[in-house]
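Summary of the model geometry
Here is what each chain is made of, one letter per residue.
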Amino acid sequence: MTVVAVAEVVEVVEVGRGLDALFQPRSIAIFGASEDVTKIGGRPLQFLLKYGYRGAIYPINRKGGTVQSLQAYASVADLPEAPELAVMAVPPESVLEAIKDCARSGVRAAVILSSGFSEMGEAGSRLQAEIGKVARSSGMRVVGPNCLGSIGVAEKSIATFSVALESAFPTAGHVGIVSQSGNLGSYTMRLAVDRGIGISRLLTTGNECDVDIADGIASLATDPATSVILCCMETCRNAGKLVQALAMAREAGKPIIVLKVGVSHAGSEAAASHTGALAGSDAVFDVVLRNGGAIRVPSIEQLLDVGHAVSVVGTARAPKGKRAALVTASGGFGVLMADAASAQGLDLPKLSARAQERILSALPYASPGNPVDMTAQVSSRPELLVQVLSAVAEDPVCDAVILQSAYAFQMPRLRDVYIAALEQVRLDHPSRLILLCCKAPRDTIAQLNRMGFPTVETIDAACSTLAALVRLGTRGEQAATAATLSSTDALPQEAFANEASAKAALAQAGVPVLKEVTAASRDAALTAAREIGFPVVLKIVSPDIPHKTEVGGVVVGVRSEAQLATEYDSLLARVAQKAPEARIAGVLVAQMAQGGIELILGTKKDPVFGPVVMVGLGGIFAEVLRDVALQIAPVTEQQATQMLRSLRAFPLLDGARGRAKADVAAAARAVAALSQFAAQHADVVAEIDINPLVVMDQGQGAFALDALLVPETKGNP
């Protein structure tokens, strides 16, 4: 047996590399193999034998002898060959040496089923870290520890003790599952099998000392047996790898449906600025997944509904718009469908006059608008159903069709009518997406799926599934991203001192600000106002007062020298009373913006993905309406424009109700400049808050009226 030295130098592992040894190994060794099939060490061996794995199986047990009728070996060094895959079911204190033995022997991959590592505290974390070092230095891929392992379905490669395999083995298919949670992943597989979904691979990554969720996605992206990827994700340990893995799947044309669990409350706890409250980490995951072309769903049920539908439809027939036609044999069901479709953001256009004429010519008592109520007349004559569905399918005002039936597929006579009609419609319209909302026997569902019709049982689920397919079909090309420009200028510490210094630093980076001067006296303030021009705004400048309005530290609309002198003294008096301990650096005299639309603009450093730029409706509405757009920094001006256009409030910028159009281009330049600044100074800046960014009429610019820079400290993520 070949012996491989374990190198001391840690190597960079290419995302997804080497996981073929999990799914297609020519030989498998079971460490801790047991005769008792109720034990973790007995179950993988039992499954391999029960379901007919054709490679070599090597039980490893210190006592030797035989285990479940196979010759057992005392150690991996005693084996006649180096197994490609090792499955660890030994106590945690024995795992490290076993992994080292595997690395020295040339084992390509290992799955550690054993628990008792980072989930148990500091000692377990140290042991897990040592295992990770062995994996990276040797090049052997290690899954786990504390995981439920992996399955290569067609190859019967089983490295798991999951109870999901006790009664039956999955049918081979093209849907791959990768999950950080073992139970969630195996449960998803079991439910998928119950729905008739064929499985290619299952990978559960557990504590992720080496192989992580990104590796799993990347491996399935390059796996010829997989065409659709279902992902159960709790977190991300390596942002770069995840982004790369998502890109690999997108480039390979393999849709990813993601159930992201563990919604974080970090956003609500970040009280340093408005930005921190609005840019929570779960929203950042939304951005990353959307950028990568993944379809996010909120439940296991939708994960399976959408995954199944995509496996039936593929990407070619995913709708290129959100206009849906609803067809049913009941007016009441039609109303329910319309409500559910609208709740999912689907549009329900009226069918064209030509389509309505064709429907009425076939069914004079039908309601031909949208939803289409065919009435019970279609229950006996399949040609009528063909005529109605053809009229709807050929109508260019719709992008997809949902056909709902409560009983048709459960009654043999009606089932034959509907299936005959659908066969004809599929022949006539092979590329049209028609989703069936129905309940039917399993063999009928399988028949409909083979014909190319995705099936979903309930109305709400059907509409949410179609909405997900719309997201898949309309995701477009991968948007161009901005590179972080190099900068040799370190950010001076005084940039964090107060509003004036923050705006000065941002202005140098290309974020526009109005004319302003920090005055240390009333006379200096008067001089500054004369140079700037009335009206002006007065603001207290203090490193100890981040929210100036709370202490009466802001006066707007100062229009004369006399008013300025009075307001200057009053402002200082109010601040002295409400914040007597605050250090006062002066009073900011600033040019007053008149008119315009206020936005909030800022960045927050996400603990995984780095700086995130956020823009939304500003002023008092920022945290009330939460109408914000997020993107990973830096962004291009084109991306910034798309962010602005995605806001529900964008019509206010675009001249709604006779208003003048706002300078969207200037606002986009400000967003892009801020994002570049945040990316360049990510090592020292935790958050930036610009509230508001006032956007003037078209051609007149956009300006940061207030700004706060929050420094990166050990207490910040």
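Computed from a prediction, not measured in an experiment: that's the story for all the values here.

1. Concerning the environment of V312
By secondary structure assignment, the location of V312 is in helix α11 (residues 300–313). As for V312 and G452, which are separated by 140 residues in sequence, their C-alpha atoms are 5.8 Å apart. Residues contacting V312, with those up to four places away along its chain left out, are R317, N449, G452, F453 and P454.

2. Quick word on the layout of surface pockets
Considered as a void within the structure, the largest pocket measures approximately 1,700 Å³ in volume. Mapped by element, the contributors of at least two residues to the lining of the largest pocket are α7 (239–251), α10 (281–291), β14 (295–297), α17 (459–473), β26 (628–632) and α22 (637–646). Ranked by residue count, the leading element in the lining of the largest pocket is α10, at 8 residues. Its boundaries defined by the atoms lining it, the second largest pocket holds a volume of some 940 Å³. Considering the residues around the second largest pocket, the lining is formed by 41 residues, among which K539, K548, N691, P692 and D706 are closest to the centre. Looking at the lining of the second largest pocket, the elements with two or more residues in it are α18 (499–508), β21 (536–541), β22 (554–558), β23 (586–591), β27 (685–695) and β29 (707–711). Residue composition of the lining of the second largest pocket, by class: 22 nonpolar, 10 polar and 9 charged.

3. So, the packing of helix α12 (residues 331–343) against α17
A pair of packed helices is characterised by two quantities: the angle between their axes and the separation of those axes. Put simply, α12 and α17 touch, their axes get as near as 9 Å, and they point 40° apart. Considered as vectors, α12 and α17 are oriented oblique to each other. As for the relative orientation of α12 and α17, their crossing is right-handed in sense. Residues F333, L336, M337, A340 and A341 of α12 pack against I459, D460 and C463 of α17.

4. Some points on the nonpolar core
Residues L22, M189, I199, L242, I256 and I257 are the most contacted members of the largest nonpolar core, which totals 110 residues. Excluding residues that lie within four positions of it along the chain, L22 makes contacts with L85, A109, V111, V143, S150, S157 and L203. A640, A668, L674 and F677 belong to the second largest nonpolar core, which has 40 residues in total.

Scoring rules and cut-offs
- Residues numbered from 1 in each chain as written.
- Predicted model: local features only at pLDDT ≥ 70, side-chain atom pairs only at ≥ 80, totals over all residues.
- Heavy atoms only, no water.
- Helix = DSSP H or I, 4+ residues; strand = E, 2+ residues; numbered from the N terminus.
- Contact = heavy atoms within 4.5 Å.
- 1 Å grid on protein atoms, 1.4 Å probe; cavity = no way out; pocket = protein on both sides within 12 Å on 5 of 7 lines; lining within 4 Å.
- Points joined across faces, edges and corners; volume = space filled by probe spheres on them.
- Nonpolar A, V, L, I, M, F, W, Y, C, P; charged D, E, K, R; others polar.
- Axes fitted to C-alpha atoms, helices over the stretch in contact; angles between N-to-C directions.
- Parallel < 35°, antiparallel > 145°, perpendicular 65-115°, else oblique.
- Left-handed = near helix turned anticlockwise from the far one by under 90°.
- Core = buried A, V, L, I, M, F, W, Y, C linked by side-chain atoms within 4.5 Å.
- Buried < 20%, exposed > 50% of the residue type's maximum accessible area, 1.4 Å probe, protein only.

Without other data, these values stay purely geometric and don't point to any function.
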